[in-house]
Amino acid sequence: IKNPNSNKPLTFIEIEKLNPRLFEAFVASLYTKQGFQVYLTPFANDKGADVVALNSNGNYLIQVKQSKSNVSNDAIQEVVTSRNYYENHFSEKFKLVVLTNNYFGSSATTLSNSNEVEVIERTKLEKLTKEFPVTIQDINRHESQRLQRI
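Below you will find a few notes about this structure.

Moving on, we get to the environment of R149. Inspection of the secondary structure puts R149 in the segment after α6 (136-144). For R149, a relative accessible area of 73% corresponds to the exposed category. For the pair R149 and A44, spaced 105 residues apart in sequence, the C-alpha separation works out to 8.9 Å.

Below is the structure:
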């Protein structure tokens, strides 16, 4: 990102060039723009969820996968196994989401359907990015507030 102080919305190409930590912070920013109270989990030992999004219309545990190839079953399995931990920790019920800048392999799609995991792939993410513009300032703010442990 050329200007870290810019309040100009990032393009999808710029978003894809973010490092993995900032890509997670981008997703947190995207959900904040949609009216959620958001927690960015620790970068390591996150128990299978990268973003926790709370809202009166529903709560989400989001596993973020920035990838140059199709996303596999692992991402679905990670978020599914995170549910009990986060529901106990927040005393809330959660819907599960896996979000990627790429697409999902066929076995990941099958597994997501059988486990009621919403998948957000590249096409939908690009649409959300246009609908809810995010700046590098938004991303840096979320990254600076990342939880140290969960």
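Structure shown, so let's carry the discussion forward.
This next bit is on unusual backbone geometry. Here N45, not a glycine, exhibits a phi torsion of approximately 60°, which is positive. Relative to the helices and strands, N45 resides in the loop between β1 (37-40) and β2 (51-54). With a relative accessible area of 58%, N45 lands in the exposed category. In this structure, E116 takes a positive phi of about 55° despite not being glycine. The residue E116 is located in the loop between α4 (106-114) and β5 (117-120) in this model.

A few words on helix α3 (residues 73-90). With 18 residues, α3 extends 26 Å between its outermost C-alpha atoms, agreeing within 8% with the 26 Å of an ideal straight helix rising 1.5 Å per residue. Of all bends in α3, the biggest is about 40°, found at R83. Residues of α3 that are buried sit in contact with β1, β2, β3 (60-65), β4 (95-100), α4 and β5. One or two residues past the end of α3 sits S91, with phi positive at roughly 50°.

Inspection of every chain in the model, using the stated rule, returns eight aromatic pairs. Consider the rings of Y85 and Y86, whose centres lie 5.3 Å apart with planes at 85°: the pair is edge-to-face. Relative accessible area serves as the criterion here: at 0%, Y86 is assigned to the buried category. Counting every residue linked through ring pairs, the aromatic cluster contains Y39, Y85, Y86, F90 and F94. Directly above the aromatic system of Y85 lies the positively charged group of K47, at a separation of 5.2 Å from the ring centroid.

A word on the pairing of β2. Of the two faces of β2, the one holding V51 and A53 and the one holding V52 and L54 are both buried throughout. By the bridge criterion, four bridges tie β1 to β2 in an arrangement that is antiparallel. By the bridge assignment for β2, V38 is matched with A53. Pairing between β2 and β3: three bridges, direction antiparallel. Residue pairing across strands places V51 opposite I62, the latter belonging to β3.

Across all of its chains, the model carries 11 salt bridges by this definition. When the shortest N-O distance is used, the salt bridge between E87 and R83 registers 3.7 Å. Here the residue E87 and the residue R83 both occupy positions in helix α3, the gap between them amounting to four residues, near one helical turn. Notably, a salt bridge pairs E126 with R122, separated by 3.8 Å at the nearest N-O pair. One end of the pair, E126, and the other, R122, are both in helix α5 (residues 122-131), four residues apart, so they sit about a helical turn from each other. Note on E126: relative accessible area 28%, which makes it partly exposed.

What counts and what doesn't
Residues numbered from 1 in each chain as written. Predicted model: local features only at pLDDT ≥ 70, side-chain atom pairs only at ≥ 80, totals over all residues. Heavy atoms only, no water. Helix = DSSP H or I, 4+ residues; strand = E, 2+ residues; numbered from the N terminus. Buried < 20%, exposed > 50% of the residue type's maximum accessible area, 1.4 Å probe, protein only. Expected span 1.5 Å × (residues − 1). Bend = angle between axes of the 7 residues up to and from the residue. Contact = heavy atoms within 4.5 Å. Phe/Tyr/Trp six-rings, centres within 6.5 Å; stacked < 30°, edge-to-face > 60°. Lys NZ or Arg CZ within 6 Å of the ring centre and 35° of its normal. Pairing = 2+ DSSP bridges. Salt bridge = Lys/Arg side-chain N within 4 Å of Asp/Glu carboxyl O.

Remember that the coordinates give geometry; whether it matters functionally is a separate question.
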